[in-house]
Amino acid sequence: MNANIKSGLENSISYSDYRDLMFQLVEERNTSGNEKSEERIEFTKLNNRRMKRWDKTLKISVKAKKRLADFDTQVTWLVLTETWCGDAAHVLPVLNKIAELNSNINLRLVLRDDNLDLMNEFLTDGNQAVPKLIMIDDETGTVLDVYGPRPSEAAGYVSRFKAANGKLTPEFKEDLQHWYNKDKGVTIVEDVTLMLCRFQPSFCQ
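Thresholds, definitions, all that
- Residues numbered from 1 in each chain as written.
- Predicted model: local features only at pLDDT ≥ 70, side-chain atom pairs only at ≥ 80, totals over all residues.
- Heavy atoms only, no water.
- Pairing = 2+ DSSP bridges.
- Helix = DSSP H or I, 4+ residues; strand = E, 2+ residues; numbered from the N terminus.
- Axes fitted to C-alpha atoms, helices over the stretch in contact; angles between N-to-C directions.
- Parallel < 35°, antiparallel > 145°, perpendicular 65-115°, else oblique.
- Left-handed = near helix turned anticlockwise from the far one by under 90°.
- Contact = heavy atoms within 4.5 Å.
- Nonpolar A, V, L, I, M, F, W, Y, C, P; charged D, E, K, R; others polar.
- Expected span 1.5 Å × (residues − 1).
- Buried < 20%, exposed > 50% of the residue type's maximum accessible area, 1.4 Å probe, protein only.
- Arc of directions from axis to C-beta.
- Core = buried A, V, L, I, M, F, W, Y, C linked by side-chain atoms within 4.5 Å.
- Polar contact = N/O pair within 3.5 Å; in protein donor to acceptor, adjacent residues only side chain to side chain.

Student: What exactly am I supposed to notice about the pairing of strand 4 (residues 143-147) here?
Tutor: As defined by bridge partners, strand 3 (residues 132-137) adjoins strand 4 across four bridges and the pair is classed as antiparallel. Bridging across to strand 4, Met135 finds its partner in Asp145. From the end of strand 3 to the start of strand 4, which pair antiparallel, there are five residues, and Gly141 there has a positive phi angle of about 75 degrees.

Student: Got a minute to help me understand the packing of helix 3 (residues 38-57) against helix 5 (residues 86-101) in this structure?
Tutor: Working note: a packed helix pair is described by the angle between its axes plus the distance between those axes. Two numbers describe how helix 3 lies on helix 5: the axes approach to 9 Å, and their chain directions differ by 25 degrees. Between helix 3 and helix 5, the angle falls in the class roughly parallel. Pair helix 3 / helix 5 crosses with right-handed handedness. Side by side, helix 3 and helix 5 meet where Asn47, Arg50, Met51, Arg53, Trp54 and Asp55 of the first sit next to Gly86, Ala89, His90, Leu92, Pro93 and Lys97 of the second. When grouped by side-chain class, the residues that make up the contact of helix 3 with helix 5 number five nonpolar, three polar and four charged.

Student: Explain helix 8 (residues 170-183) to me, please; I cannot follow it from the model alone.
Tutor: An α-helix turns once every 3.6 residues. As a result, residues three or four positions apart point the same way. Along its 14 residues, helix 8 runs 20 Å from first to last C-alpha, staying within 8% of the 20 Å computed at 1.5 Å per residue. Three or more residues of helix 8 are buried, namely Phe172, Leu176, Gln177, Trp179, Tyr180 and Asp183. Viewed along the axis of helix 8, the buried residues span an arc of 155 degrees, placing them on a single side of the element. Across helix 8 from its buried face, at more than 90 degrees, point the exposed residues Pro170, Glu171 and Lys182.

Student: Any chance you could explain the nonpolar core here in plain terms?
Tutor: Taken as a class, soluble globular proteins show a tendency for nonpolar side chains to be buried jointly. Counting 54 residues, the largest nonpolar core has Trp77, Leu92, Leu95, Ile98 and Val192 as the members making the most contacts within it. Here this core gets eight residues from one element, more than from any other, and that element is helix 5. Sequence-distant contacts of Val192, that is, excluding residues within four places in its chain, are made with Trp77, Leu95, Ile98 and Tyr147.

Student: What am I meant to see in the side chain of Asn102 here?
Tutor: Here Asn102 is to be found in the loop between helix 5 and strand 2 (105-111). Here Asn102 falls in the buried class, since its relative accessible area comes to 4%. Within the local environment of Asn102, its side chain forms a polar contact with the backbone oxygen of Phe71, the two atoms lying 2.8 Å apart. For Asn102, the side chain forms a polar contact with the main-chain nitrogen of Asn104, separated by 2.8 Å.

Dropping the structure here:
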């Protein structure tokens, strides 16, 4: 197994422990990561509310549940994240709901800024973008696939806006939050199902 992945797994925590960490940081008016700016502290507070809402309200369709339950290879989803990241606040609760449906999927979270060597192996267009899911075969330690930092439709939305405008504006970021709220995790479920299919084709037959 890659040394950085091994270290990341050793440093990782469960989703429940990550949520506890967020609650603690909010109480302390703090944030994860190396940059302790007021803006990121406020984002952690906002994201804690977002995740609390998704944890309570997120639903996965019966059809998707039945399909996801058929995946029969033991894997670990090691996800690089930070509490201030808006995309992570929407993506992580969906990944957790999926992992709860299948005992073969072990979801583990690790903080990006504490694991930069690992992060730098899985850049997105040269950027340390989170959340980034690394799917690892438990038997061999092999990286099977990666996912993130955004669901496919949102990633396309962002790419088109950047191509036309050069950078993301505050107004666009607000629109992106509306997209997540409207999508309700459906695209993430579809994306992850396709990811599992690439590794285990029989899962999709």
